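# Geometric and topological summary
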Amino acid sequence: MYETTYHRPSTLAEAASLFSGASEARFLAGGQTLLPTMKQRLAAPTDLIDLSRLAELKGIEVTADAVTIGAGTTHATVATSAEVARAIPALAKLAGLVGDPAVRHLGTLGGSLANNDPAADYPAAVLGLGATVHTTKRSIAAEEYFQGLFTTALEEGEIITRVSFPIPARADYQKFRHPASRYALTAVFAAQMKDGSIRVAVTGAGSDGVFRAEAIEAALAANPTPSALDGVSIDPAGMLADIHGSAAYRANLVTVMAKRAVGGWAG
Amino acid sequence: MAKVSLTVNGKALTAEVEDRTLLVQLLRDVFGLTGTHVGCDTSQCGACVIHLDGRAVKSCTLLAAQADGAAVTTIEGLAVGDELHPVQAAFREHHGLQCGFCTPGMIMSAVDMINRLGGPLDEETIRHELEGNICRCTGYHNIVKAIEAASAQMAGLSQAAE
Ligand SMILES: Cc1cc2nc3c(=O)[nH]c(=O)nc-3n(C[C@H](O)[C@H](O)[C@H](O)COP(=O)(O)OP(=O)(O)OC[C@H]3O[C@@H](n4cnc5c(N)ncnc54)[C@H](O)[C@@H]3O)c2cc1C
Ligand code: FES
Ligand code: FES
């Protein structure tokens, strides 16, 4: 790891001003992505601004219509929150499938979304529920937030503060995990919202990152059962391909995981 | 440079380290606690797992400066005098190690899962909870058996204490 200077601000305002005063600063939350990247010398920020102890980024709030989670909340906290499990069980389940217990004890919602890894889990829930990403500057709809591999609508120095997830009528998350890295080889978040509309978001598979599977949404809108997806196939053209799985393999997995997720609605 | 004050295995310790120092480097190279191992540089193997304020974390993926003010427990802090911790004793009893390189991390993860979930734990839970710990020798079978036995024993102990 290259040399860096560590800062621990005690407010969001102080974090923002430290950021603008440094030459190449990065925010540090759980460090479960940034520190491995720095150890590989793939990132070399001059300054690290630690957000992990900011009370302003903590907390879970549940209303009749939404679950709002502070960006600094760890995966373990979301996975074991009784409130989240009651309101959106699929979200608690998703958080419990991120990495391993030690990663979940430190890694955060905000860090995962800021990074926008194409195989990360949280982007599927944010897009699959049509969540809103709140920052120090504005509120961003899920559709505008994700802009391709490792790319988001966030501007320099903008900090995610919290995320509001609308509570669906029913939802499930099905993840086909890479057995070594534990990231998603393909995973699907499928939801039926309270107004009856269907949202299906796919992570791990798309060559532009998380996306909504429109063909699957249309089939489920006509008939919201797993068998509605029997004839639906996904075009491999837009899929990732690597040593772990070809584009055709991932395209097939999208339908398989979507079927399982809709199957999960019953339970 | 960062001044880091920690409680390590119950003892208050302070050190002046470079800001980029990882917690595992502070533990091993400065404090001489070499029981915590480093098995990879990708945050995947879990040989470096310690407890930070009571939760299992990978000490290779945390800056020493981030841990300032925290209570850290390492493998050296589990035994009481000559008496091994029940998880350590179970690893010996059930032959839960071969070369022993992964063992400190395995045991710290095992203690963490038993503390969080209570016991006795079943095989499926233990295997799921061990996903962040890699062993190149044992095939995991005896590790799982050791944790099963320790979790049952510790559940029995805590019931007896109530
Ligand atoms: C072994 C291993 C396995 C993993 N498996 C999975 C997996 O299966 N699925 C998965 O989704 N993830 C996985 N991860 C990644 C993990 O979820 C990370 O916790 C997450 O991607 C980043 O969160 P963090 O809090 O650690 O962020 P950091 O690493 O601290 O930061 C990541 C990036 O986000 C920025 N950032 C952090 N917080 C904010 C904020 N509030 N506002 C703006 N920018 C911010 C940082 O500047 C940095 O650029 C894994 C990681 C490891 C080490
Ligand atoms: S040394 Fe491998 S995970 Fe820390
Ligand atoms: S006993 Fe050798 S790596 Fe686990």
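Further up the page is the structure itself.
Below is a short write-up of the structure. Remember, it's a predicted structure, so these values are computed and weren't measured experimentally. (Residues numbered from 1 in each chain as written. Chains lettered and ligands numbered in written order. Predicted model: local features only at pLDDT ≥ 70, side-chain atom pairs only at ≥ 80, totals over all residues. Heavy atoms only, no water.)

## Examining unusual backbone geometry
- Here the amide bond leading from glycine 119 of chain B into proline 120 of chain B is cis, since omega sits at -5°, within 30 degrees of zero.
- Tracing the chain through its elements places proline 120 of chain B in the loop between helix H3 (103-117) and helix H4 (123-129).
- Unusually for a residue other than glycine, arginine 182 of chain A sits at a positive phi of about 70°.
- Relative to the helices and strands, arginine 182 of chain A resides in the loop between strand E9 (170-177) and strand E10 (184-192).
- Here the phi dihedral of histidine 95 of chain B falls at roughly 55°; this positive angle occurs in a residue that is not glycine.
- Mapped onto the elements of the fold, histidine 95 of chain B is located in the loop between helix H2 (86-93) and H3. (Helix = DSSP H or I, 4+ residues; strand = E, 2+ residues; numbered from the N terminus.)

## Here's the deal with the interface of chain B and chain A
- With 27 residues of chain B in contact, the opposing surface of chain A contributes 32 residues.
- Note on chain B versus chain A: buried area summed over both sides is about 2400 Å², and carbon and sulfur give 52% of it.
- Viewed at the interface, chain A and chain B are joined by 4 salt bridges.
- On the surface where chain B and chain A come into contact, there are 13 residue pairs in polar contact (both at pLDDT 80 or more).
- Looking at which element gives the most residues to the side of chain B that touches chain A, the answer is strand E4 (residues 55-58) of chain B, with 4 residues.
- For the side of chain B that touches chain A, the per-class residue count stands at 9 nonpolar, 7 polar and 11 charged. (Contact = heavy atoms within 4.5 Å. Buried area = accessible area lost by both parts, 1.4 Å probe. Salt bridge = Lys/Arg side-chain N within 4 Å of Asp/Glu carboxyl O. Polar contact = N/O pair within 3.5 Å; in protein donor to acceptor, adjacent residues only side chain to side chain. Nonpolar A, V, L, I, M, F, W, Y, C, P; charged D, E, K, R; others polar.)

## What to know about the nonpolar core
- Core analysis: the biggest nonpolar cluster contains 41 residues, and Leu113, Val126, Phe165 and Phe189 of chain A have the highest contact counts within it.
- Taken domain by domain, the makeup of this core includes at least three residues from each of domain 2 (55-166) and domain 3 (170-266) of chain A.
- Formed by 34 residues, the second largest nonpolar core is a distinct cluster that contains Ala43 of chain A together with Ala15, Leu52 and Ala67 of chain B. (Core = buried A, V, L, I, M, F, W, Y, C linked by side-chain atoms within 4.5 Å. Buried < 20%, exposed > 50% of the residue type's maximum accessible area, 1.4 Å probe, protein only. Domains from an automatic or database assignment.)

## Section: the pairing of strand E3 (residues 49-52) of chain B
Residue and element names in this part refer to chain B.
- A two-sided burial pattern is seen for E3, the buried positions comprising Val49 and His51 on one face and Ile50 and Leu52 on the other.
- What sits between the antiparallel neighbours E3 and E4 is a turn of 2 residues, in which aspartate 53 has the positive phi angle 45°.
- Alignment of E3 against strand E5 (residues 71-73), held across 2 bridges, turns out to be antiparallel. Residue pairing in the sheet places histidine 51 in a bridge with threonine 73 of E5. (Pairing = 2+ DSSP bridges.)

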